[in-house]
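Report on the structure
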Amino acid sequence: MRVRFAPSPTGYLHIGGARTALFNWLFARQQGGQFVLRIEDTDTERSRPELIDVIFRALEWLGLEWDGTPVHQSQRGHLYAGAIEKLLADGAAYWCDCTPDEVKARAESRGGRPGYDGHCRDRGLGPGEGHVVRFRVPDEGTVAFDDVIRGRVSFENANLEDFVVQRSNGSPMFHLANAVDDADQGITHVVRGEDLINVTPKVLLLRQALGTPGELAFAHLPLIVNEKRQKLSKRRDDVSVGDYIDRGYLPEAMVNYLATLGWGPPDGIEIRPLAEIVQLFRLEDVNAAGAFFDVKKLQHFNGEYIRDLSIPQFVSRSTRWLYDEAPWAPERFDVATFEVLAPLVQERVKLLSEVPGYVDFVFLPEPPLDEASWEKVMGKAPELAASVLDHATERFATCEWDAPTLEVALFSYADEHGVAKGKVQAPVRVATTGRTVGPPLFESLEVLGRDETLRRIASARARL
């Protein structure tokens, strides 16, 4: 059994393509078959090497290893040219010089269904500038196939126009290239998005005309939609896998979540090891209805996977955001200090890109003052804030410097004045970390140190 993933170089791998690649990979691994990667790069203007590399890097990040060497359609032009020659020689295709404007004008003048009308079928044209090759669709009959997900699908030949199989520049259309490549590579199953289901009758007609032996099994996956049940679009949605890499999603979380888009395990447990997903996955169980891409749910998955990391793994996975994209100077970062805070941060973040925001107060020379936090705590109750900071200055100056002792020292104010502990803690947190939220306060102060803590409290007190 062999399946293939055949993306076009666009500069990114979109979420729908990643899900298609994953379902092909899951099916191949579950069946003990092969997962083949084929690059549709016959369009030389859009198929630069750096764009193709993006696909490779995204698939590698997802952990979807392919079998064998990737096939580039740009290197197989002789096969497509041979197929075109056969179609022309057998009368299954013909040359056409109609421009799109001419096709449109004739369709408007005759009324009814738009599209090509077979104008050049019997004109006996040959190759020439601006000439394309069209496939001669039979006038009668149907093209039908059994879809693993959608059941029996049928198309009337009368509703199919004579479609182009070779562009005027001599390059093949992708349905012809796929028909040739699937046969040449021994592909047995085609698993792809439902937006390509209308291409399937063209491929089947081409295979029949080319005398291709054997049959293909098709499975057309449901579209991935946003919260408005609209197909994901790069104009209004975040669709690039690269965007999610940059935000700090873990590949294992992304793969696990993508597996739930149209498919679900029979026991209803969605977050689980990939090895278990491979064992449970069945193409027959994929739902034909559109699959909602829920970013909040993806973040939940990611948070669960982050918390499942060991501390060394969490530190290692956070490296990019601690060094390359951190708001502090590189020389101010100390990994040993971060390792102390890491367990506290790991419990709270859903994205690795959030990590610097939880520890920046330690590595910046001054706390990153959030004006909204200052106004909420210091601006609305300045007298209380000043009193708490004075109390903290006095007690912190002489107490032992560990989290439990610091907690007792500060909260003694709450006991003495009958103030809620949250209202006592807030001014010290804003003074030392710049925000109202973050890792546990007293563990943070222990890492920050006595001198720096007292300096920041004094600075905040002066501002008050």
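Attention in this report is confined to the structure presented alongside it. (Residues numbered from 1 in each chain as written. Predicted model: local features only at pLDDT ≥ 70, side-chain atom pairs only at ≥ 80, totals over all residues. Heavy atoms only, no water.)

**What about the pattern of salt bridges?**
Note that side chains of opposite charge can pair when their charged atoms are close. Scanning all chains against the criterion turns up 34 salt bridges. Of the charged contacts, one joins aspartate 117 and arginine 106 as a salt bridge, the two residues approaching to 2.8 Å between their closest N and O atoms. Placement of aspartate 117 in the loop between helix H4 (100–110) and strand E5 (132–135) and of arginine 106 in helix H4 is noted, with a sequence separation of 11 residues between them. On the basis of relative accessible area, aspartate 117 is assigned to the partly exposed category, the value being 36%. It is possible to trace a salt-bridge network through shared partners that takes in Arg4, Arg38, Arg76, Asp181, Asp182 and Asp184. (Salt bridge = Lys/Arg side-chain N within 4 Å of Asp/Glu carboxyl O. Helix = DSSP H or I, 4+ residues; strand = E, 2+ residues; numbered from the N terminus. Buried < 20%, exposed > 50% of the residue type's maximum accessible area, 1.4 Å probe, protein only.)

**Describing the layout of surface pockets**
Taken as a whole, the largest pocket holds about 1,200 Å³ of empty space. Lining the largest pocket we find 40 residues, and of these Ser8, His14, Gly17, Asp195 and Leu196 sit closest to its centre. Of all the secondary structure elements, the ones that give two or more residues to the lining of the largest pocket are strand E1 (2–5), helix H1 (15–31), helix H5 (174–185) and strand E9 (189–193). Here the lining of the largest pocket takes five residues from H1, the largest share from any one element. Split into classes, the residues belonging to the lining of the largest pocket amount to 17 nonpolar, 11 polar and 12 charged. In this structure, the second largest pocket spans a volume of roughly 360 Å³. Lining the second largest pocket are 18 residues; nearest its centre among them are Ala144, Phe145, Leu204, Glu215 and Leu216. Within the residue set of the lining of the second largest pocket, elements represented by two or more residues are strand E6 (142–147), helix H6 (200–209) and strand E10 (217–221). (1 Å grid on protein atoms, 1.4 Å probe; cavity = no way out; pocket = protein on both sides within 12 Å on 5 of 7 lines; lining within 4 Å. Points joined across faces, edges and corners; volume = space filled by probe spheres on them. Nonpolar A, V, L, I, M, F, W, Y, C, P; charged D, E, K, R; others polar.)

**Re the packing of aromatic side chains**
Using the criterion set out here, one finds 17 aromatic pairs in the structure. When the ring of phenylalanine 333 is compared with that of phenylalanine 363, the centres are 4.9 Å apart and the planes differ by 55°; the resulting orientation is tilted. Taken as a pair, phenylalanine 333 in the loop between helix H12 (319–324) and helix H13 (335–346) and phenylalanine 363 in helix H14 (residues 355–363) lie far apart in primary sequence, 30 residues in all. The buried category is assigned to phenylalanine 333, whose relative accessible area is 10%. Clustering of aromatic rings is evident, with ring pairs tying together Phe314, Tyr323, Trp328, Phe333, Phe338 and Phe363. (Phe/Tyr/Trp six-rings, centres within 6.5 Å; stacked < 30°, edge-to-face > 60°.)

**Things to note about the sheet that holds strand E8 (residues 164–166)**
Strand order in this open sheet of three strands is E4-E5-E8, and the pairing throughout is antiparallel. Across the chains shown, the open sheet's two edge strands, defined by having one partner strand only, are strand E4 (93–96) and E8. The sheet shows a mean angle of 45° between the axes of neighbouring strands, direction not considered. Across two bridges, the pairing between E5 and E8 is antiparallel. The residue of E8 that forms the bridge with arginine 134 is valine 164. (Pairing = 2+ DSSP bridges. Axes fitted to C-alpha atoms, helices over the stretch in contact; angles between N-to-C directions.)

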